[in-house]
Amino acid sequence: MALVLGIESSCDETAAALVDSERRIVAQRIASQDEQHAPFGGVVPEIAARAHAERLAPMIEGVLEDAGVTLEECDAIAATAGPGLIGGVMVGLVSAKALAMASDVPLIAINHLEGHALSPRLADDALEFPYALLLVSGGHCQILRVDGVGRYRRLATTIDDALGEAFDKTAKILGLGFPGGPAVERIAKEGDASAVPLPRPMVGSGEPHFSFAGLKSAVLRAHESGKYEAADIAASFQQAAIDCVVDRLEVALEGMQGVETLVVAGGVAANASVRAALEGVASGHGMRFTAPPPKLCTDNAAMIAWAGIERLSMEGFAPDPLEISARPRWPLDPDAEPVRGAGVKA
Ligand code: KG4
Ligand code: ZN
(Lines give C-alpha, C1' and ligand atoms only; values in the text may rest on other atoms or scores of the structure.)
(Ligands and ions follow the chains in the order given, each with its own letter.)
Protein backbone atom coordinates (compact mmCIF):
# COMPACT_ATOMS: atom_id res chain seq x y z
CA MET A 1 0.00 0.00 0.00
CA ALA A 2 1.28 3.47 -0.90
CA LEU A 3 0.83 6.71 1.02
CA VAL A 4 1.24 10.13 -0.62
CA LEU A 5 1.32 13.64 0.86
CA GLY A 6 -0.49 16.11 -1.40
CA ILE A 7 0.06 19.89 -1.41
CA GLU A 8 -2.21 22.42 -3.17
CA SER A 9 -1.64 26.18 -3.39
CA SER A 10 -2.45 27.21 -6.97
CA CYS A 11 -5.31 29.59 -6.25
CA ASP A 12 -6.94 30.67 -3.00
CA GLU A 13 -7.09 27.43 -1.04
CA THR A 14 -4.08 26.31 1.00
CA ALA A 15 -4.37 22.55 1.46
CA ALA A 16 -2.47 19.45 2.50
CA ALA A 17 -3.69 15.84 2.59
CA LEU A 18 -2.51 12.28 3.00
CA VAL A 19 -4.14 9.72 0.70
CA ASP A 20 -3.36 6.03 0.35
CA SER A 21 -3.66 3.66 -2.57
CA GLU A 22 -6.82 2.14 -1.02
CA ARG A 23 -8.51 5.49 -1.78
CA ARG A 24 -8.55 6.49 1.88
CA ILE A 25 -8.14 10.17 2.71
CA VAL A 26 -6.10 9.50 5.82
CA ALA A 27 -5.88 13.16 6.85
CA GLN A 28 -6.62 16.51 5.28
CA ARG A 29 -6.61 20.16 6.19
CA ILE A 30 -7.73 23.09 4.09
CA ALA A 31 -7.77 26.83 4.71
CA SER A 32 -9.77 29.07 2.44
CA GLN A 33 -8.75 32.68 1.91
CA ASP A 34 -12.27 33.92 1.18
CA GLU A 35 -12.14 36.53 3.95
CA GLN A 36 -8.91 38.07 2.68
CA HIS A 37 -10.12 38.32 -0.92
CA ALA A 38 -13.78 39.22 -0.30
CA PRO A 39 -13.20 43.01 0.04
CA PHE A 40 -11.72 42.97 -3.50
CA GLY A 41 -14.45 40.84 -5.06
CA GLY A 42 -11.93 38.37 -6.47
CA VAL A 43 -8.62 36.63 -5.77
CA VAL A 44 -5.67 39.03 -5.36
CA PRO A 45 -2.52 37.08 -6.35
CA GLU A 46 -0.12 38.79 -3.88
CA ILE A 47 -2.48 38.30 -0.95
CA ALA A 48 -2.94 34.65 -1.97
CA ALA A 49 0.80 33.96 -2.17
CA ARG A 50 1.44 35.55 1.22
CA ALA A 51 -1.38 33.61 2.86
CA HIS A 52 -0.06 30.31 1.41
CA ALA A 53 3.44 31.12 2.71
CA GLU A 54 2.10 31.76 6.22
CA ARG A 55 -0.13 28.71 6.42
CA LEU A 56 1.40 25.87 4.48
CA ALA A 57 4.20 24.65 6.78
CA PRO A 58 2.05 24.31 9.93
CA MET A 59 -0.66 22.72 7.81
CA ILE A 60 1.67 20.00 6.49
CA GLU A 61 2.87 19.34 10.05
CA GLY A 62 -0.76 19.17 11.08
CA VAL A 63 -1.82 16.48 8.60
CA LEU A 64 1.22 14.33 9.43
CA GLU A 65 0.33 14.70 13.09
CA ASP A 66 -3.36 13.91 12.47
CA ALA A 67 -2.36 10.70 10.70
CA GLY A 68 0.43 9.84 13.14
CA VAL A 69 3.00 9.36 10.36
CA THR A 70 6.34 10.93 9.52
CA LEU A 71 7.33 12.36 6.17
CA GLU A 72 9.82 9.51 5.74
CA GLU A 73 6.93 7.03 5.89
CA CYS A 74 5.33 8.61 2.79
CA ASP A 75 6.06 7.03 -0.58
CA ALA A 76 6.01 10.40 -2.32
CA ILE A 77 5.12 14.06 -2.01
CA ALA A 78 2.78 15.30 -4.75
CA ALA A 79 2.60 19.06 -5.22
CA THR A 80 0.70 21.23 -7.67
CA ALA A 81 3.29 22.66 -10.08
CA GLY A 82 0.75 24.58 -12.23
CA PRO A 83 -1.30 25.90 -13.86
CA GLY A 84 -2.36 28.68 -11.51
CA LEU A 85 -1.30 31.90 -9.84
CA ILE A 86 2.44 31.60 -10.07
CA GLY A 87 3.25 33.06 -6.62
CA GLY A 88 1.05 30.52 -4.88
CA VAL A 89 2.25 27.62 -7.01
CA MET A 90 5.84 28.54 -6.14
CA VAL A 91 5.13 28.60 -2.41
CA GLY A 92 3.75 25.04 -2.54
CA LEU A 93 6.37 23.71 -4.91
CA VAL A 94 9.37 25.19 -3.10
CA SER A 95 8.06 23.83 0.22
CA ALA A 96 7.59 20.41 -1.39
CA LYS A 97 11.09 20.47 -2.88
CA ALA A 98 12.65 21.31 0.49
CA LEU A 99 10.70 18.55 2.23
CA ALA A 100 11.50 16.02 -0.49
CA MET A 101 15.20 16.74 -0.39
CA ALA A 102 15.44 16.86 3.39
CA SER A 103 13.58 13.59 3.87
CA ASP A 104 14.73 11.80 0.72
CA VAL A 105 11.15 11.19 -0.41
CA PRO A 106 10.41 11.44 -4.17
CA LEU A 107 8.61 14.56 -5.41
CA ILE A 108 5.91 14.29 -8.08
CA ALA A 109 4.89 17.49 -9.91
CA ILE A 110 1.14 17.46 -10.43
CA ASN A 111 -0.82 19.39 -13.01
CA HIS A 112 -3.70 20.92 -11.02
CA LEU A 113 -6.08 20.11 -13.88
CA GLU A 114 -5.02 16.47 -13.73
CA GLY A 115 -5.84 16.58 -10.02
CA HIS A 116 -9.41 17.60 -10.95
CA ALA A 117 -9.53 15.16 -13.89
CA LEU A 118 -8.61 12.13 -11.77
CA SER A 119 -10.52 13.18 -8.62
CA PRO A 120 -13.62 11.18 -9.66
CA ARG A 121 -11.48 8.01 -9.50
CA LEU A 122 -10.59 8.78 -5.88
CA ALA A 123 -14.28 8.95 -5.04
CA ASP A 124 -15.46 6.08 -7.26
CA ASP A 125 -13.40 2.88 -7.35
CA ALA A 126 -15.50 1.55 -10.22
CA LEU A 127 -14.56 4.38 -12.57
CA GLU A 128 -12.37 2.94 -15.32
CA PHE A 129 -10.77 4.64 -18.33
CA PRO A 130 -11.83 5.88 -20.81
CA TYR A 131 -14.35 8.47 -19.67
CA ALA A 132 -15.81 11.72 -20.94
CA LEU A 133 -14.94 14.58 -18.61
CA LEU A 134 -16.52 17.98 -18.19
CA LEU A 135 -13.95 20.02 -16.26
CA VAL A 136 -15.54 23.21 -14.98
CA SER A 137 -13.72 25.46 -12.53
CA GLY A 138 -12.94 29.13 -11.96
CA GLY A 139 -10.22 29.18 -14.59
CA HIS A 140 -11.10 26.34 -16.94
CA CYS A 141 -14.01 25.02 -18.92
CA GLN A 142 -13.20 21.99 -21.04
CA ILE A 143 -14.57 18.74 -22.36
CA LEU A 144 -11.95 16.00 -22.44
CA ARG A 145 -11.70 12.38 -23.31
CA VAL A 146 -9.64 10.72 -20.55
CA ASP A 147 -7.95 7.57 -21.82
CA GLY A 148 -5.56 7.08 -18.91
CA VAL A 149 -3.25 8.91 -16.55
CA GLY A 150 -1.55 11.60 -18.64
CA ARG A 151 -3.66 10.70 -21.68
CA TYR A 152 -6.11 13.52 -22.30
CA ARG A 153 -7.70 14.66 -25.50
CA ARG A 154 -9.36 18.06 -25.34
CA LEU A 155 -12.48 18.29 -27.47
CA ALA A 156 -13.69 21.66 -26.30
CA THR A 157 -12.65 24.71 -24.36
CA THR A 158 -13.99 28.20 -23.75
CA ILE A 159 -13.25 31.02 -26.13
CA ASP A 160 -13.58 33.59 -23.33
CA ASP A 161 -14.73 33.05 -19.72
CA ALA A 162 -14.73 29.81 -17.76
CA LEU A 163 -18.04 28.62 -16.30
CA GLY A 164 -16.98 29.27 -12.69
CA GLU A 165 -15.85 32.73 -13.73
CA ALA A 166 -19.33 33.39 -15.18
CA PHE A 167 -20.87 32.34 -11.84
CA ASP A 168 -18.42 34.60 -9.97
CA LYS A 169 -19.10 37.60 -12.22
CA THR A 170 -22.85 37.10 -11.96
CA ALA A 171 -22.51 37.06 -8.17
CA LYS A 172 -20.48 40.26 -8.29
CA ILE A 173 -23.06 42.00 -10.50
CA LEU A 174 -25.83 40.94 -8.15
CA GLY A 175 -23.83 41.98 -5.07
CA LEU A 176 -23.80 38.47 -3.64
CA GLY A 177 -20.19 38.54 -2.48
CA PHE A 178 -17.29 36.21 -3.03
CA PRO A 179 -16.91 33.35 -3.87
CA GLY A 180 -19.80 33.61 -6.25
CA GLY A 181 -20.77 30.11 -7.35
CA PRO A 182 -22.31 28.83 -4.12
CA ALA A 183 -24.06 32.21 -3.55
CA VAL A 184 -25.66 32.17 -7.02
CA GLU A 185 -26.76 28.57 -6.51
CA ARG A 186 -28.31 29.46 -3.14
CA ILE A 187 -30.43 32.39 -4.32
CA ALA A 188 -31.29 30.75 -7.64
CA LYS A 189 -33.39 28.30 -5.60
CA GLU A 190 -35.74 31.19 -4.69
CA GLY A 191 -35.97 32.50 -8.25
CA ASP A 192 -37.87 31.82 -11.48
CA ALA A 193 -35.50 30.48 -14.15
CA SER A 194 -37.77 31.67 -16.96
CA ALA A 195 -38.22 35.22 -15.65
CA VAL A 196 -35.28 36.84 -17.45
CA PRO A 197 -34.64 36.28 -21.16
CA LEU A 198 -30.91 35.50 -21.49
CA PRO A 199 -28.83 34.28 -24.44
CA ARG A 200 -27.36 30.77 -24.76
CA PRO A 201 -24.02 31.53 -26.47
CA MET A 202 -22.72 28.87 -28.92
CA VAL A 203 -25.85 26.72 -28.68
CA GLY A 204 -26.37 25.09 -32.05
CA SER A 205 -22.74 25.46 -33.09
CA GLY A 206 -21.29 22.34 -34.70
CA GLU A 207 -18.12 22.55 -32.61
CA PRO A 208 -18.46 21.88 -28.90
CA HIS A 209 -16.67 24.99 -27.59
CA PHE A 210 -18.03 27.32 -24.89
CA SER A 211 -18.50 31.06 -24.56
CA PHE A 212 -19.89 32.85 -21.51
CA ALA A 213 -18.85 36.50 -21.98
CA GLY A 214 -22.10 37.42 -23.77
CA LEU A 215 -24.17 35.76 -21.07
CA LYS A 216 -22.37 37.75 -18.39
CA SER A 217 -23.00 41.01 -20.28
CA ALA A 218 -26.68 40.12 -20.61
CA VAL A 219 -26.83 39.50 -16.84
CA LEU A 220 -25.35 42.95 -16.30
CA ARG A 221 -27.93 44.57 -18.61
CA ALA A 222 -30.78 42.72 -16.93
CA HIS A 223 -29.58 43.87 -13.52
CA GLU A 224 -29.11 47.48 -14.66
CA SER A 225 -32.60 47.58 -16.20
CA GLY A 226 -33.98 47.43 -12.68
CA LYS A 227 -36.83 45.24 -13.93
CA TYR A 228 -35.85 41.98 -12.25
CA GLU A 229 -35.30 40.48 -8.80
CA ALA A 230 -31.77 39.23 -8.08
CA ALA A 231 -33.08 35.70 -7.41
CA ASP A 232 -34.80 35.62 -10.82
CA ILE A 233 -31.62 36.81 -12.55
CA ALA A 234 -29.56 34.19 -10.69
CA ALA A 235 -32.00 31.39 -11.55
CA SER A 236 -32.22 32.48 -15.19
CA PHE A 237 -28.44 32.77 -15.46
CA GLN A 238 -27.91 29.32 -13.95
CA GLN A 239 -30.46 27.80 -16.33
CA ALA A 240 -28.92 29.51 -19.37
CA ALA A 241 -25.45 28.30 -18.35
CA ILE A 242 -26.75 24.76 -17.87
CA ASP A 243 -28.50 24.82 -21.26
CA CYS A 244 -25.16 25.82 -22.84
CA VAL A 245 -23.27 23.05 -21.05
CA VAL A 246 -25.85 20.41 -22.01
CA ASP A 247 -25.87 21.46 -25.68
CA ARG A 248 -22.05 21.56 -25.89
CA LEU A 249 -21.76 18.15 -24.26
CA GLU A 250 -24.27 16.66 -26.66
CA VAL A 251 -22.09 17.79 -29.56
CA ALA A 252 -18.87 16.54 -27.91
CA LEU A 253 -20.32 13.14 -27.02
CA GLU A 254 -21.28 12.53 -30.64
CA GLY A 255 -17.58 12.57 -31.47
CA MET A 256 -16.56 10.22 -28.67
CA GLN A 257 -16.63 6.52 -29.42
CA GLY A 258 -16.42 3.72 -26.86
CA VAL A 259 -16.88 5.90 -23.81
CA GLU A 260 -19.42 4.60 -21.31
CA THR A 261 -19.16 7.05 -18.45
CA LEU A 262 -19.73 10.80 -18.16
CA VAL A 263 -17.82 12.51 -15.38
CA VAL A 264 -17.84 16.06 -14.05
CA ALA A 265 -15.10 17.63 -11.95
CA GLY A 266 -13.89 21.08 -10.82
CA GLY A 267 -15.49 23.66 -8.54
CA VAL A 268 -18.71 24.11 -10.55
CA ALA A 269 -19.31 20.35 -10.30
CA ALA A 270 -20.36 21.11 -6.70
CA ASN A 271 -23.54 22.71 -8.11
CA ALA A 272 -26.55 20.41 -7.62
CA SER A 273 -28.48 21.73 -10.65
CA VAL A 274 -25.46 21.26 -12.91
CA ARG A 275 -25.04 17.70 -11.61
CA ALA A 276 -28.71 16.90 -12.16
CA ALA A 277 -28.61 18.19 -15.74
CA LEU A 278 -25.52 16.12 -16.51
CA GLU A 279 -27.13 13.04 -15.08
CA GLY A 280 -29.88 13.63 -17.64
CA VAL A 281 -27.38 13.91 -20.48
CA ALA A 282 -25.68 10.68 -19.43
CA SER A 283 -28.91 8.72 -19.21
CA GLY A 284 -29.97 10.04 -22.63
CA HIS A 285 -26.80 8.48 -24.03
CA GLY A 286 -27.11 5.26 -22.00
CA MET A 287 -23.99 6.29 -20.09
CA ARG A 288 -23.18 6.00 -16.41
CA PHE A 289 -22.72 9.32 -14.60
CA THR A 290 -20.35 9.98 -11.74
CA ALA A 291 -19.26 13.09 -9.85
CA PRO A 292 -17.04 13.44 -6.80
CA PRO A 293 -18.69 14.64 -3.56
CA PRO A 294 -18.86 18.48 -3.57
CA LYS A 295 -15.89 18.83 -1.18
CA LEU A 296 -13.66 17.00 -3.67
CA CYS A 297 -14.89 19.19 -6.55
CA THR A 298 -13.57 22.51 -5.25
CA ASP A 299 -9.80 22.87 -4.84
CA ASN A 300 -8.31 20.47 -2.29
CA ALA A 301 -5.10 18.55 -1.67
CA ALA A 302 -6.64 15.06 -1.58
CA MET A 303 -7.07 15.17 -5.36
CA ILE A 304 -3.40 16.20 -5.74
CA ALA A 305 -2.28 13.36 -3.48
CA TRP A 306 -4.49 10.95 -5.44
CA ALA A 307 -2.99 12.09 -8.76
CA GLY A 308 0.36 11.32 -7.11
CA ILE A 309 -0.85 7.81 -6.25
CA GLU A 310 -1.97 7.34 -9.85
CA ARG A 311 1.45 8.50 -11.14
CA LEU A 312 3.57 6.48 -8.67
CA SER A 313 3.80 3.45 -10.89
CA MET A 314 4.67 5.39 -14.04
CA GLU A 315 8.17 5.46 -15.40
CA GLY A 316 10.15 8.59 -14.50
CA PHE A 317 7.43 9.70 -12.10
CA ALA A 318 9.86 11.55 -9.83
CA PRO A 319 12.61 13.50 -11.58
CA ASP A 320 15.29 15.43 -9.67
CA PRO A 321 13.25 17.88 -7.57
CA LEU A 322 15.48 20.77 -8.60
CA GLU A 323 14.52 20.21 -12.23
CA ILE A 324 10.83 20.77 -11.58
CA SER A 325 9.63 24.29 -12.26
CA ALA A 326 6.38 26.10 -11.53
CA ARG A 327 4.21 26.64 -14.60
CA PRO A 328 1.56 29.38 -14.86
CA ARG A 329 0.15 27.57 -17.96
CA TRP A 330 0.13 23.82 -18.39
CA PRO A 331 -2.43 22.36 -20.80
CA LEU A 332 -3.63 18.80 -20.21
CA ASP A 333 -3.61 18.19 -23.95
CA PRO A 334 -0.66 20.04 -25.48
CA ASP A 335 -1.72 18.85 -28.94
CA ALA A 336 -5.17 20.44 -28.79
CA GLU A 337 -5.74 22.88 -31.60
CA PRO A 338 -5.83 26.53 -30.58
CA VAL A 339 -9.35 27.93 -30.70
CA ARG A 340 -10.17 31.40 -31.96
CA GLY A 341 -10.39 33.75 -29.00
CA ALA A 342 -9.13 31.15 -26.55
CA GLY A 343 -5.64 32.48 -25.98
CA VAL A 344 -5.67 32.88 -22.26
CA LYS A 345 -6.70 29.60 -20.72
CA ALA A 346 -4.51 26.51 -20.55
O1 KG4 B 1 -11.92 24.11 -8.89
P2 KG4 B 1 -12.06 25.36 -8.13
O3 KG4 B 1 -12.21 25.28 -6.62
O4 KG4 B 1 -10.86 26.34 -8.39
C5 KG4 B 1 -10.26 26.47 -9.63
O6 KG4 B 1 -9.40 25.61 -9.98
O7 KG4 B 1 -10.67 27.43 -10.34
O8 KG4 B 1 -13.30 26.14 -8.74
C9 KG4 B 1 -13.72 27.36 -8.22
C10 KG4 B 1 -14.91 27.84 -9.02
C11 KG4 B 1 -15.34 29.25 -8.65
O12 KG4 B 1 -15.56 29.98 -9.83
C13 KG4 B 1 -16.61 29.01 -7.88
O14 KG4 B 1 -17.52 30.10 -7.94
C15 KG4 B 1 -17.17 27.78 -8.56
O16 KG4 B 1 -16.03 26.98 -8.80
N17 KG4 B 1 -18.12 27.07 -7.71
C18 KG4 B 1 -19.43 26.93 -8.00
C19 KG4 B 1 -20.02 26.26 -6.91
N20 KG4 B 1 -19.04 26.00 -5.99
C21 KG4 B 1 -17.88 26.51 -6.50
N22 KG4 B 1 -20.14 27.33 -9.08
C23 KG4 B 1 -21.45 27.04 -9.08
N24 KG4 B 1 -22.09 26.43 -8.06
C25 KG4 B 1 -21.42 26.02 -6.96
N26 KG4 B 1 -22.06 25.41 -5.95
ZN1 ZN C 1 -9.13 23.92 -9.35
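For the structure itself, consult the block above.
Draft legend 1. Examining the nonpolar core more closely. If you look at the biggest cluster of nonpolar residues, it comprises 50 residues, and the most contacted ones within it are L134, L163, F212, F237, L262 and L278. Examining the composition of this core, we find that twelve residues originate from one element, helix α8 (residues 230-254), more than from any other. Setting aside chain neighbours within four positions, we find F212 in contact with C141, D160, D161, A162, L163, A166, A241, C244 and V245. In terms of nonpolar packing, the next biggest core, distinct from the first, is built from 34 residues, A15, I108, L127 and Y152 among them.

Draft legend 2. Local environment of the site of ligand 1. Taken together, 19 residues lie near ligand 1, and G138, D168, G181, E185 and D299 sit nearest. One of the side-chain N or O atoms of N271 is found 3.1 Å from a nitrogen atom in ligand 1. Here D299 contributes a backbone N or O atom positioned 2.8 Å from an oxygen atom of ligand 1. Protein coverage of the free-state accessible area of ligand 1, which is 550 Å², stands at 90%. For the shell around ligand 1, the per-class residue count stands at five nonpolar, eleven polar and three charged.

Draft legend 3. Structural view of the pairing of strand β6 (residues 131-136). With six of six residues buried, β6 is to be regarded as a mostly interior element. Burial along β6 is two-sided: Y131, L133 and L135 facing one way and A132, L134 and V136 facing the other are all buried. Here β6 runs beside strand β7 (residues 141-148); their pairing, made up of six bridges, is antiparallel. Within the sheet, the bridge partner assigned to L133 lies in β7 and is L144. Between the antiparallel neighbours β6 and β7 lie four residues. Across four bridges, β6 lies against strand β9 (residues 261-265) in parallel orientation.

Draft legend 4. Structural detail: the environment of I309. Along the polypeptide, I309 turns up in helix α11 (residues 302-311). Residue I309 is classed as buried on the basis of its relative accessible area of 10%. Measuring from C-alpha to C-alpha, the distance between I309 and V63 comes to 17 Å, with 246 residues separating the pair along the chain. Apart from residues lying up to four places away in sequence, I309 is in contact with A2, V4, V19, D20 and S21.

Draft legend 5. Seen up close, the pairing of strand β8 (residues 151-156). Strand direction decides the pairing type here: β7 and β8, joined by five bridges, are antiparallel. Across the sheet, residue I143 finds its bridge partner in β8, namely A156.

Draft legend 6. Highlighting the packing of helix α5 (residues 163-173) against helix α6 (residues 180-188). Relative to each other, α5 and α6 sit at 65°, their axes nearing to 7 Å. Of the possible angle classes, the one that applies to α5 and α6 is roughly perpendicular. Seen along the crossing, α5 lies across α6 with a hand that is left-handed. Residues F167, D168, T170 and A171 of α5 form the contact with α6, whose participating residues are G180, G181 and V184. In the contact of α5 with α6, the residues fall into three nonpolar, three polar and one charged.

Draft legend 7. α6, seen in detail. Among the residues of α6, those classed as buried are G180, G181, A183, V184, E185 and A188. Tucked into the core, α6 has its buried residues touching α5, α8 and α9 (272-284).

Draft legend 8. Summary view of the pattern of salt bridges. For the structure on display, the rule yields eleven salt bridges. The partner of E165 in a salt bridge is K169, with the nearest N and O atoms 3.3 Å apart. On the criterion of helical spacing, the pair formed by E165 and K169 is a turn pair, its members being four residues apart in helix α5. Owing to a relative accessible area of 18%, E165 belongs among the buried residues under this scheme. A relative accessible area of 27% means that K169 is categorised as partly exposed. Residues joined by salt bridges that share partners form a network here, namely D161, E165, K169 and K216.

Calculation criteria
Residues numbered from 1 in each chain as written. Chains lettered and ligands numbered in written order. Predicted model: local features only at pLDDT ≥ 70, side-chain atom pairs only at ≥ 80, totals over all residues. Heavy atoms only, no water. Core = buried A, V, L, I, M, F, W, Y, C linked by side-chain atoms within 4.5 Å. Buried < 20%, exposed > 50% of the residue type's maximum accessible area, 1.4 Å probe, protein only. Helix = DSSP H or I, 4+ residues; strand = E, 2+ residues; numbered from the N terminus. Contact = heavy atoms within 4.5 Å. Near = heavy atom within 4 Å. Polar contact = N/O pair within 3.5 Å; in protein donor to acceptor, adjacent residues only side chain to side chain. Areas by Shrake-Rupley, 256 points an atom, 1.4 Å probe, with all protein chains shown as cover. Nonpolar A, V, L, I, M, F, W, Y, C, P; charged D, E, K, R; others polar. Pairing = 2+ DSSP bridges. Axes fitted to C-alpha atoms, helices over the stretch in contact; angles between N-to-C directions. Parallel < 35°, antiparallel > 145°, perpendicular 65-115°, else oblique. Left-handed = near helix turned anticlockwise from the far one by under 90°. Salt bridge = Lys/Arg side-chain N within 4 Å of Asp/Glu carboxyl O.

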